[in-house]
Amino acid sequence: MRRKENGPTVSGEAASLDVSAGVQSANGSQRTGDPSAENVSDPFAAPYEPDPDPFNASPPDDEDDDPGDLFEKAARNADPERRWEILEDWADNPVALAAARAEYEAYGAASMTEERLQAIVGVLVPAVEWTTLPADHPYNECRDELERRRLQAQAERDEAAAKAKAEREKAERKARNAKATAPVSGDLTADEEAAFWSSSPVLERIRQFAWARRTASWAVLGAVLCEVVARVPPHVVLPPITGGNASLNLFVALVGTSGDGKGAATAAARDLTRHLQPVPRAAVGSGEGITKTFGERGKKPMDPTVMLTDRVVASVAEIDTLTALGKRQASTLLPQLRKVWVGEDLSYGYADRTKAPVVPDHSYRMALTVGVQPLKADGLLEDADGGTPQRFVWLHTLDRSMPARRPDEPEPLALGHIERRWPMDPFVLSAVAGTSGSADEDEAGEQATTDGRRILKSPTTFEVLKVAPEVWEAVDANRVAKHHGAATDTSLDGHAALARLKVAAALSLLLGGQGDVTGELWELSGVVIRKSTATRTAVERALSSAAAKAHEAAAQRNAAAEVRKVEAVEGRKLQQTRRRLHTILGKPENRTGGLPLGKLKVEAGSAYRDNLQEVLDYLLEVGELEEVPGGKAPRYRLAGRSS
């Protein structure tokens, strides 16, 4: 190939000159065509020669001057302006490229929108397939930025998928655990329930009263047990089968959706036990509030804690209120409730002693009812590691055995035997009435302050309820087996055995006893705990089902969004390929004769190659392209360009 230099035409030996860096003659000596270009290592750093123009010129008549060589010479030109001119020469949309260039020069590739980056990267020439561009070329920078964003988006999708998978596996584990911990026998049958309620006239009356008030019999029973326990002084305890003396403090979860009758059940229970002396009632708000329910300190640091009451019926209308309070930063509510259940010390170690009432262990009695909507119970159940949900007796506020005809309402329960055994403390009665007791009213001889109020302190003696030997042996044997790692009865593990003992003692008092746990009462309490376990399991399954549905819905939304995104991207690529084909086949040299598929692929470039056949078939179908008649291989041109 001959190249025209600034000087005379070079012929003969000079015809062997190469335009690459370092020009060498046939005999090996270093020479250049232009003396002024001596010692120049890169001849393309010189001003670009527009003639011949590789982008507008006709196909080269010399095979050495193919578009790849010409493009490489131009693309590697060090002049930034010329690099942009090259892209502009090949752009389908010069306006979009100009906007992209302005954004590139103002902010850099990292801050450009994807549309602007595509405007630059979409400008591909045939030669780019075999040409290595400089690293700082705008095309390379924009292409690398698009690839970085693609990888980042893929990483985010992978992370989201991994998170969704972890949540799904967690829900599955929770469902398996719920199934594993459910009693083998499941919920009570209709015959078993009927046998329980008919086992005592008192239980039959409770059920009839509940039905007459159109409330669930199990929920009313749970609330009645709380009313009964609240009348027992705190020094009355269960024996130390495991650890120390166990408190009778009782927690009941009334399970039902909004409007199912949680409040109605507690109201019916109050009416059913209205012959009992009243006790203070309180709403649970915070761990500190629970402590201050029972006592308060004087204004002086050395003043003792005086008793406000030693017993209370507490309530929480909705479980989400309780768990929301429990999740507050630095909240002590749930840990404090766990202490209440076993009767532990509720004191706080405030630096200001006037803010720190001392509430010793077994100096208080609390019976708590909590309304639980199944799909809002996750906050309580998630505290299973802390043992909070295991401390509750779970009873439903809907009754599948409710008769269609309302029965007559029976008389309230006669529970005078409880107050005859443990007369109501006058200080408690004064707390209900909102007045202070006097020293003369302290018939028990408890230490009182100068203004007649009683000092809150631990009991000096305990009244320990009796537990039947067979019950004691069953709980004890299960505990020993647990220590030895042997198989255990899950219905007696952990807090389950103590919860059952508390229910048995409360049933004893309800049915006219003195709180002692007999074998018969142990069996009845087992029915209540079995009902509780079935109710709690149903809540766990409802939560698991809701979580699975929510996950499936989220997955469907994400999948639909991903499909829309892919369709949008693919649609944009197809439109770009369509414009590219119009540009190529719209060139004068291709308008009549067209191009075969192979050359179309080369002309279009690698960025368009994957979609080219699909777009080509579509354009043929809609009549934008047509096949050129004749020839062995099909050639394609724009429709209506036969002449």
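All of these numbers come straight from a predicted model, not from anything done at the bench.

Participant: So, the overall build of the chain: which residues are in play, and what are the values?
Facilitator: Broken down by element type, the chain carries 21 helices and 12 strands. Residues counted as buried form 41% of the 643 residues belonging to the chain. When the accessible area of the chain is evaluated, it comes to approximately 33100 Å², of which 51% is carbon and sulfur surface.

Participant: Any details on the packing of aromatic side chains? Residues and values, ideally.
Facilitator: Tallied over the entire structure, the rule returns five aromatic pairs. Ring geometry for Phe196 and Trp197: centres 5.2 Å apart, planes at 80 degrees, overall edge-to-face. The pair formed by Phe196 and Trp197 is uniform in burial state, with each residue classed as buried. Between Phe251 and Phe392 the ring centres are 5.3 Å apart and the planes differ by 45 degrees, which places this aromatic pair in the tilted class.

Participant: Tell me what's going on with the pattern of salt bridges, and back it up with residues and numbers.
Facilitator: Overall, the coordinates contain 21 salt bridges when judged by the stated rule. The partner of Arg150 in a salt bridge is Glu147, and the shortest N-O contact between them spans 2.7 Å. With Arg150 and Glu147 both in helix H5 (residues 138-181), this residue pair falls three residues apart, about one helical turn. The partly exposed category is assigned to Arg150, whose relative accessible area is 44%. For the salt bridge of Glu192 with Arg530, the shortest nitrogen-to-oxygen distance reads 3.0 Å. Of this pair, Glu192 sits in helix H6 (residues 190-197) while Arg530 sits in helix H18 (residues 519-585), and the two are 338 residues apart along the sequence. On the basis of relative accessibility, which here comes to 31%, the residue Glu192 falls in the partly exposed class. Taken together, the shared-partner salt bridges in this structure form one network comprising Asp187, Glu193, Arg400 and Lys531.

Participant: Can you explain helix H10 (residues 287-294)? Please cite residues and give values.
Facilitator: When we look at burial in H10, the residues that qualify are Gly287, Ile290, Thr291 and Phe294. End-on, the buried residues of H10 take up no more than an arc of 95 degrees, which puts them together on one face. Packing partners of the buried residues in H10 comprise strand E4 (295-297), strand E5 (305-307), strand E6 (311-316), helix H12 (333-342) and strand E7 (365-372).

Participant: Explain the packing of H10 against H12 to me, and be specific about the residues and the numbers.
Facilitator: It is the contact of H10 with H12, at a shortest axis distance of 7 Å, that shows an interaxial angle of 40 degrees. Overall, the two elements H10 and H12 adopt an arrangement that is oblique. Across from Gly287, Ile290 and Thr291 in H10, the residues of H12 making contact are Leu333, Gln336, Leu337 and Val340. When its residues are assigned to classes, the contact of H10 with H12 shows four nonpolar, three polar and no charged.

Participant: Break down the pairing of E7 for me, citing the residues and quoting the values.
Facilitator: Counted residue by residue, E7 has eight buried out of eight residues, so it is predominantly covered. The alternating pattern of E7 places Arg365, Ala367, Thr369 and Gly371 and Met366, Leu368, Val370 and Val372 on opposite faces, both of which are buried. Strand direction decides the pairing type here: strand E2 (residues 250-255) and E7, joined by six bridges, are parallel. Looking at the pairing, Val252 lines up with Thr369 of E7.

Participant: Could you give an account of the pairing of E2, naming the residues involved and the relevant values?
Facilitator: A large share of E2 lies buried, amounting to six of its six residues. Of the two faces of E2, the one carrying Leu250, Val252 and Leu254 and the one carrying Phe251, Ala253 and Val255 are both buried. Two elements, E2 and strand E8 (residues 392-396), share five bridges in a ladder whose sense is parallel. Pairing of Phe251 across the sheet is with Phe392, part of E8.

Participant: If you had to explain the nonpolar core to someone new, which residues and values would you point to?
Facilitator: In terms of nonpolar packing, the biggest core is built from 96 residues, with Ile206, Leu221 and Leu510 touching the most fellow members. A per-element tally of this core places helix H17 (residues 495-510) first, with 11 residues. Residues within four places of Ile206 in sequence aside, it is in contact with Trp197, Val220, Leu221, Val224, Leu272, Leu413 and Leu510. Counting residues in each nonpolar core, the second largest holds 15 residues, with Ala91, Ile120, Val121 and Leu146 among its members.

Participant: Pulling in residues and values, what's your account of the side chain of Lys531?
Facilitator: Within the secondary structure, Lys531 sits in helix H18. Taking the relative accessible area as the measure of exposure, Lys531 reaches 8% and is therefore buried. Polar side-chain contacts of Lys531 include one of 2.9 Å to the side chain of Glu193. With sequence-adjacent residues up to four places away left out, Lys531 is seen in contact with Asp187, Leu188, Glu193, Trp218, Trp394, Leu395 and Arg400.

Participant: Can you explain helix H7 (residues 201-212)? Please cite residues and give values.
Facilitator: What sets the pattern is the α-helix's 3.6 residues per turn: residues three or four places apart point alike. Under the 1.5 Å per step criterion, the end-to-end length of H7 is 16 Å for 12 residues, consistent within 8% with the ideal 16 Å. For H7, the set of buried residues is Leu203, Ile206, Arg207, Phe209, Ala210, Trp211 and Ala212. Where H7 is buried, its residues contact H6, helix H8 (217-229), helix H9 (262-272) and H17. Two to three positions downstream of the cap, the backbone nitrogen of Val202 sits 3.2 Å from a side-chain oxygen, assigning the N-cap of H7 to Ser200. Once H7 finishes, Arg214 follows within two positions and takes phi at roughly 60 degrees, a positive value.

Participant: Can you break down the sheet that holds strand E11 (residues 625-627) residue by residue, with the values?
Facilitator: Spatial strand order, E10-E12-E11: three strands in an open sheet with antiparallel pairing. Because the sheet does not close on itself, it has two edges, and the strands there are strand E10 (595-596) and E11. Two strands pair when backbone bridges link them, and E11 and strand E12 (residues 635-638) are joined in this way by three bridges, in the antiparallel orientation. Bridged to Glu626 within E12 is Arg637.

Participant: Describe the side chain of Ser508, and please don't skip the residues or the numbers.
Facilitator: Within the fold, Ser508 resides in helix H17. Sequence-distant contacts of Ser508, that is, excluding residues within four places in its chain, are made with Gly513, Gln514, Gly515, Asp516 and Leu521.

Participant: A description of the sheet that holds E7 should follow, citing residues and the corresponding values.
Facilitator: Spatially, five strands are ordered E3-E6-E7-E2-E8 in an open sheet, and the strand pairing comes out parallel. Edge positions in the open sheet fall to strand E3 (281-283) and E8, since each of these has one partner strand only. In this sheet, neighbouring strand axes are inclined to one another by 25 degrees on average, regardless of whether the strands run parallel or antiparallel.

Participant: So what's going on with unusual backbone geometry? Residues and values would help.
Facilitator: Unlike most non-glycine residues, Arg214 shows phi in positive territory, near 60 degrees. Phi angles above zero are rare outside glycine, and His362 is one such case at about 60 degrees. For His362, the position within the fold is in the loop between H12 and E7.

Participant: Which residues make up the environment of Gly108, and what values do they have?
Facilitator: Structurally, Gly108 can be placed in the loop between helix H3 (94-107) and helix H4 (114-121). Residues Gly108 and Cys142, spaced 34 residues apart in sequence, show a C-alpha to C-alpha distance of 8.9 Å.

Participant: How would you explain the environment of Asp187 if you had to name every residue and give the values?
Facilitator: With respect to the helices and strands, the residue Asp187 is situated in the loop between H5 and H6. For Asp187, a relative accessible area of 33% gives the class partly exposed. What Asp187 contacts, discounting residues up to four positions off in sequence, is Glu192, Arg400, Arg530, Lys531 and Ala534.

Parameters and conventions
Residues numbered from 1 in each chain as written. Predicted model: local features only at pLDDT ≥ 70, side-chain atom pairs only at ≥ 80, totals over all residues. Heavy atoms only, no water. Helix = DSSP H or I, 4+ residues; strand = E, 2+ residues; numbered from the N terminus. Buried < 20%, exposed > 50% of the residue type's maximum accessible area, 1.4 Å probe, protein only. Areas by Shrake-Rupley, 256 points an atom, 1.4 Å probe, with all protein chains shown as cover. Phe/Tyr/Trp six-rings, centres within 6.5 Å; stacked < 30°, edge-to-face > 60°. Salt bridge = Lys/Arg side-chain N within 4 Å of Asp/Glu carboxyl O. Arc of directions from axis to C-beta. Contact = heavy atoms within 4.5 Å. Axes fitted to C-alpha atoms, helices over the stretch in contact; angles between N-to-C directions. Parallel < 35°, antiparallel > 145°, perpendicular 65-115°, else oblique. Nonpolar A, V, L, I, M, F, W, Y, C, P; charged D, E, K, R; others polar. Pairing = 2+ DSSP bridges. Core = buried A, V, L, I, M, F, W, Y, C linked by side-chain atoms within 4.5 Å. Polar contact = N/O pair within 3.5 Å; in protein donor to acceptor, adjacent residues only side chain to side chain. Expected span 1.5 Å × (residues − 1).

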